[in-house]
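Each chain is listed here by its residues.
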Amino acid sequence: MTTTAYRGQEEFFLDPQRCIGCHACEMACAECETNGQLAMIHVDYVDRAESPQTAVQVCMHCEEPTCARVCPADAIAKDELGVVHSANAARCIACSNCVLACPFGVPKKVEAMKLMMKCNLCYDRTSAGRRPMCATVCPSGALYYGTRERMAAMRPNSSPVNEFRFGLQRVKTRVNVMMPKGSTELVVDGGDAR
Amino acid sequence: MLSTLNIRALGWALLASALLAASVVAGSRNLQNFDGALAAYLFATLFAAFGIVYRYAVWLQRPPTRLYWRAGWRLLFSRRFPAYLAELLRRLVDELALQRFIWKRSAKRGLAHVLLAWGCLSAFAITIPLVFGWIHFTLRAGTIDVYEAHLLGFHAFDFPLGGFVALNLFHALNWSSVLVLLGVFGFLRRRITDAGQIATQTFEMDLMPLVLLVLISVTGLGLTWDYELMQGRAHAFMAISHAITVILFLLWLPFGKFFHVFQRPAQLGVALYQREGEAGAQAVCPHTGEAFASRMHVEDLKQVTSELGYDYRLTGGGSHLDLSPQGKRAALAKAHLAARNESGAFFG
Ligand code: SF4
Ligand code: SF4
């Protein structure tokens, strides 16, 4: 077992607006030793017919992870470092509850394997003090892993936000999203998707 | 301690262990066929039964688990009974017996798991009836080379000593041990060499179960080794070390990794639920315009999340859970873009 050398002061910062849809993170994600050559990160065209906007999504590692609470098999666990782990392969019964209930649309289920898999913050790397694979390759700064000070110096006009509101539900996460300076939360309340 | 005790689960666990104890008394004809030397195994088994039923009953009280437990049984005994029974039997073979889904995770894992699982299951199928006194052997009166096997106190069949049947009956547990050992080495190899496993495994949940299985199998094989090749000189040591390891295994069964054996069949209930869902109305994502799950599943999840204390209702009506995973990611990206847009700069 590797010794845990977690760098407590390093955090994940996501800036979806900077995503250029290059899929480099997806290739890097598939190299992560914990997910068996499958990419867990999502790179999507937001509304392909309307705009070229792309967005990237990693697991946000929620403080009260909906995925874990709706899991009937107790297969998803949050550890003492706040990392919400991928499904325990001995327990997951492939019901898709987590896939459908995660407010960020993160978990992926592989039906043939009867297994849900998701981003676990490259646990093999971050637990040994290294950056997650995706953050090492993102060319546009949409994915960044480092200290808060470093981020503040790089993005003086943005604030990291880790509070979200989905309709009436507030969700606090370990991963931050970069928002206009002074923002304290990101509200997702239907909008034009309703 | 008392306040955290789950009374309902306690009731089920007591009932299950009482029924099991009663079946031991009845099956061994008032303990006359019960082998006193196996008493420690019996008590450990009763404890394991108590613990397993207790944990299972607590587990079933969680809202998502309760949903599938109830739906699974309700669907099985619905008007689609013949179709669902057939589905259940097919999956019983495919998923529980052949464990095809594990082969899909990787062929080596599939092979190791099948060997390990069938080694353990066959060992239990043999030892439990022996420990409970449900099966016992006697020498046929007037002979010195014919054994009689008795099942629940009834004479079942005879077999000559030294023959093929005797060899396999008396060595069946050795064959189980060999299967277990082959499986365990497959998994140990993976746990020692796979970087992803090394990063995420824990000693208690992932390595200790394998070590325990090795100890059980080796000491079990040691019993045969001792009486075949050492004239029984190490019998006491082998018998005691084997008993200790098996009893540890039984006592730990309700708490540790092996509890997944009892959880896994829930997959069959989920399968019926999914089949029922496929036959019914589909949930269409307002963002992608495509069906992504059954309407029933989405509605049930709204209920389950609200029982768990979440409220994903949107202020303008509808729910965030009406969106497909892709729709949810798009909604977040759009909200982010809108916030950036409002601030007057897309980047900052
Ligand atoms: S973002 Fe989704 S998958 Fe990740 S912890 Fe939160 S609920 Fe779970
Ligand atoms: S798919 Fe697996 S991890 Fe997800 S909720 Fe169902 S059992 Fe749990």
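As the structure is a computational prediction, the values presented were derived from the model and not from experiment. (Residues numbered from 1 in each chain as written. Chains lettered and ligands numbered in written order. Predicted model: local features only at pLDDT ≥ 70, side-chain atom pairs only at ≥ 80, totals over all residues. Heavy atoms only, no water.)

> Which parts of the structure should I look at to understand the packing of helix H6 (residues 107-131) of chain B against helix H7 (residues 164-193) of chain B?
Describing two packed helices takes the angle between their axes plus the distance from one axis to the other. Residues and elements named next belong to chain B. Interhelical geometry of H6 versus H7 gives an angle of 150 degrees and a closest axis separation of 7 Å. Our classification of the angle between H6 and H7 gives roughly antiparallel. In the packing of H6 onto H7, the handedness of the crossing is left-handed. Class assignment for the residues of the contact of H6 with H7 results in 14 nonpolar, 7 polar and 4 charged. (Axes fitted to C-alpha atoms, helices over the stretch in contact; angles between N-to-C directions. Helix = DSSP H or I, 4+ residues; strand = E, 2+ residues; numbered from the N terminus. Parallel < 35°, antiparallel > 145°, perpendicular 65-115°, else oblique. Left-handed = near helix turned anticlockwise from the far one by under 90°. Nonpolar A, V, L, I, M, F, W, Y, C, P; charged D, E, K, R; others polar.)

> What is the right way to look at the sheet that holds strand S1 (residues 135-139) of chain B in this model?
Across a sheet, strands are paired by hydrogen bonds formed along the backbone, either parallel or antiparallel in direction. Residue and element names in this part refer to chain B. Read from one edge of the open sheet, 3 strands run S1-S2-S3, paired in antiparallel fashion. Here the strands that pair on one side only, and so sit at the sheet edges, are S1 and strand S3 (154-160). Put simply, the sheet's adjacent strands are angled 25 degrees from each other on average, direction ignored. Across the face of the sheet, H7 comes into contact with S1, strand S2 (146-151) and S3 while running at roughly 115 degrees to S3. (Pairing = 2+ DSSP bridges. Contact = heavy atoms within 4.5 Å.)

> Even after reading the chapter, I still don't get helix H13 (residues 295-307) of chain B, so can you show me in this structure?
A turn of α-helix holds 3.6 residues, and therefore any two residues three or four places apart point the same way. All names here are of chain B. Counted at 1.5 Å a residue, the expected span for H13 with its 13 residues is 18 Å, and the 19 Å between its end C-alpha atoms agrees. Listing the buried residues of H13 in full gives His-297, Val-298, Leu-301, Val-304 and Thr-305. With its buried residues spanning 120 degrees around the axis, H13 presents them on a single face. Phi for Gly-309, located one or two positions after H13, is positive at around 95 degrees. (Expected span 1.5 Å × (residues − 1). Buried < 20%, exposed > 50% of the residue type's maximum accessible area, 1.4 Å probe, protein only. Arc of directions from axis to C-beta.)

> Quick question: what am I supposed to make of the site of ligand 2 here?
The environment of ligand 2 is made up of 14 residues, and the closest members are Cys-71, Cys-92, Cys-95, Ser-96 and Cys-98 of chain A. Of the residues that constitute the shell around ligand 2, the class distribution is 12 nonpolar, 2 polar and no charged. (Near = heavy atom within 4 Å.)

> I tried to follow the site of ligand 1 on my own but got confused; where do I start?
In the neighbourhood of ligand 1, 14 residues make up the surrounding shell, with Cys-59, Met-60, Cys-62, Cys-67 and Cys-102 of chain A lying closest. When grouped by side-chain class, the residues that make up the shell around ligand 1 number 11 nonpolar, 2 polar and 1 charged.

> Would you take a moment to explain the domain arrangement of chain B for this structure?
Residue and element names in this part refer to chain B. According to the domain assignment, chain B consists of domain 1 (2-269) and domain 2 (282-343). A separation of 44 Å is found between the C-alpha centroids of domain 1 and domain 2. The interface of domain 1 with domain 2 comprises 5 residues on the first partner and 5 residues on the second. Note on domain 1 versus domain 2: buried area summed over both sides is about 450 Å², and carbon and sulfur give 69% of it. (Domains from an automatic or database assignment. Buried area = accessible area lost by both parts, 1.4 Å probe.)

> What exactly am I supposed to notice about the side chain of Gln-53 of chain A here?
By secondary structure assignment, the location of Gln-53 of chain A is in the loop between strand S2 (42-45) and strand S3 (54-57). At 3.5 Å, the side chain of Gln-53 of chain A and the side chain of Gln-17 of chain A are in polar contact. If near-sequence neighbours (up to four positions away) are discounted, Gln-53 of chain A is found in contact with Gln-17, Asp-44, Tyr-45 and Val-46 of chain A together with Ala-333 and Leu-337 of chain B. (Polar contact = N/O pair within 3.5 Å; in protein donor to acceptor, adjacent residues only side chain to side chain.)

> Looking at this model, I keep getting lost on unusual backbone geometry. Mind explaining?
What you tend to see is this: most non-glycine residues have negative phi, and most peptide bonds are trans. Of note, His-23 of chain A is a non-glycine position whose phi angle comes to about 70 degrees, a positive value. Within the secondary structure layout, His-23 of chain A lies in the loop between strand S1 (10-14) and helix H1 (24-29). Of the residues examined, His-23 of chain A reaches a relative accessible area of 29% and is grouped as partly exposed. The phi torsion at Leu-31 of chain B lies on the positive side, around 70 degrees, for a residue other than glycine. Its location among the elements puts Leu-31 of chain B in the loop between helix H1 (7-27) and helix H2 (39-60).

> Mind showing me how you'd approach the interface of chain B and chain A here?
Across the contact, 70 residues belong to chain B and 73 residues belong to chain A. Regarding the contact of chain B and chain A, the summed buried area is about 6000 Å², with carbon and sulfur atoms giving 59% of it. Area buried by chain B at its contact with chain A is led by Arg-329, Leu-332 and His-336 of chain B, which between them contribute 12% of it. Scanning the region where chain B abuts chain A turns up 5 salt bridges. Asp-44 of chain A is paired through a salt bridge with Arg-329 of chain B; the nearest N and O atoms lie 2.6 Å apart. Along the contact surface separating chain B from chain A lie 30 residue pairs in polar contact (both at pLDDT 80 or more). Of the residues belonging to the side of chain B that touches chain A, the class tally is 33 nonpolar, 21 polar and 16 charged. (Salt bridge = Lys/Arg side-chain N within 4 Å of Asp/Glu carboxyl O.)

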